[in-house]
Amino acid sequence: MPESRNTVADALIEIRGLRFHFRDWPSKRTDAPALVLLHGFTGHARSWDPFAEAMTDRYRVLALDQRGHGETGWAQANQYGHGRSSR
């Protein structure tokens with residue numbers, strides 16, 4: 001009998017008025033630690049699909065679409081910049 005694969009779930013969360021998309025792969029272990037994956041400049045959460053699936057034997061895997069990528073919204077234009085203080 002072939003082994004059944006865990007099903008990845010896509011979800012949205014709102015943080016400070018910005019909607020973030022992430023993918024959540026459950027682990028095959030009930031006591032597994034979480035592994036959080038962040039993509040590079042031109043990537044998105046789905047870039048991690050093959051790797052994340054391979055890691056579910058040891059981890060619960062979460063991959064985030066960073067703002068302006070994949071299914072995550074863009075922040076307001078005045079929230080982007082270089083060397084800005086967050087104060």
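For the structure itself, look to the data block above.
Residues numbered from 1 in each chain as written. Predicted model: local features only at pLDDT ≥ 70, side-chain atom pairs only at ≥ 80, totals over all residues. Heavy atoms only, no water.

On to the overall build of the chain. Secondary structure summary: the chain contains one helix and four strands in total. Listed by position from the N terminus, the elements making up the chain come as β-β-β-α-β. Out of the 87 residues belonging to the chain, those deemed buried represent 29%. Restricting to contacts in the chain with at least 6 residues of sequence separation, those with at least 24 account for 60%. Per element, the accessible surface of the chain, about 6,500 Å² overall, is 54% carbon and sulfur. (Helix = DSSP H or I, 4+ residues; strand = E, 2+ residues; numbered from the N terminus. Buried < 20%, exposed > 50% of the residue type's maximum accessible area, 1.4 Å probe, protein only. Contact = heavy atoms within 4.5 Å. Areas by Shrake-Rupley, 256 points an atom, 1.4 Å probe, with all protein chains shown as cover.)

So, on to the pairing of strand S3 (residues 34-38). Sheet topology note: the S3/strand S4 (residues 60-64) ladder contains five bridges and is parallel. Considered in S4, the bridge of Ala34 is made with Arg60. The β-α-β motif built from S3, the intervening helix H1 (residues 49-55) and the parallel element S4 has right-handed crossover chirality. (Pairing = 2+ DSSP bridges. Right-handed = clockwise from strand over helix to strand, strands pointing away.)

For the rest of this paragraph, the subject is the sheet that holds strand S1 (residues 9-15). Here four strands make up an open sheet; going across it, the order is S1-S2-S4-S3 and the pairing mixed. Two strands bound the open sheet, and with one partner strand each, they are S1 and S3. Across this sheet, the average inter-strand angle for adjacent strands is 30°, counted without regard to direction. (Axes fitted to C-alpha atoms, helices over the stretch in contact; angles between N-to-C directions.)

As a further point, take the pairing of strand S2 (residues 18-25). Most of S2 sits inside the fold, with seven of its eight residues counted as buried. The turn joining S1 and S2, which pair antiparallel and follow one another in sequence, is formed by two residues; a positive phi near 50° is taken by Arg16. Across four bridges, the pairing between S2 and S4 is antiparallel. When the sheet's bridge partners are listed, Arg23 is paired in S4 with Ala63.

Membership of the largest hydrophobic core is limited to seven residues, which are Trp25, Leu37, Ala45, Ala52, Met55, Val61 and Ala63. When contributions to this core are tallied by element, the ones reaching two or more residues are H1 and S4. Among residues more than four places away in sequence, those in contact with Ala63 are His21, Phe22, Arg23, Trp25, Leu37, Ala45 and Trp48. (Core = buried A, V, L, I, M, F, W, Y, C linked by side-chain atoms within 4.5 Å.)

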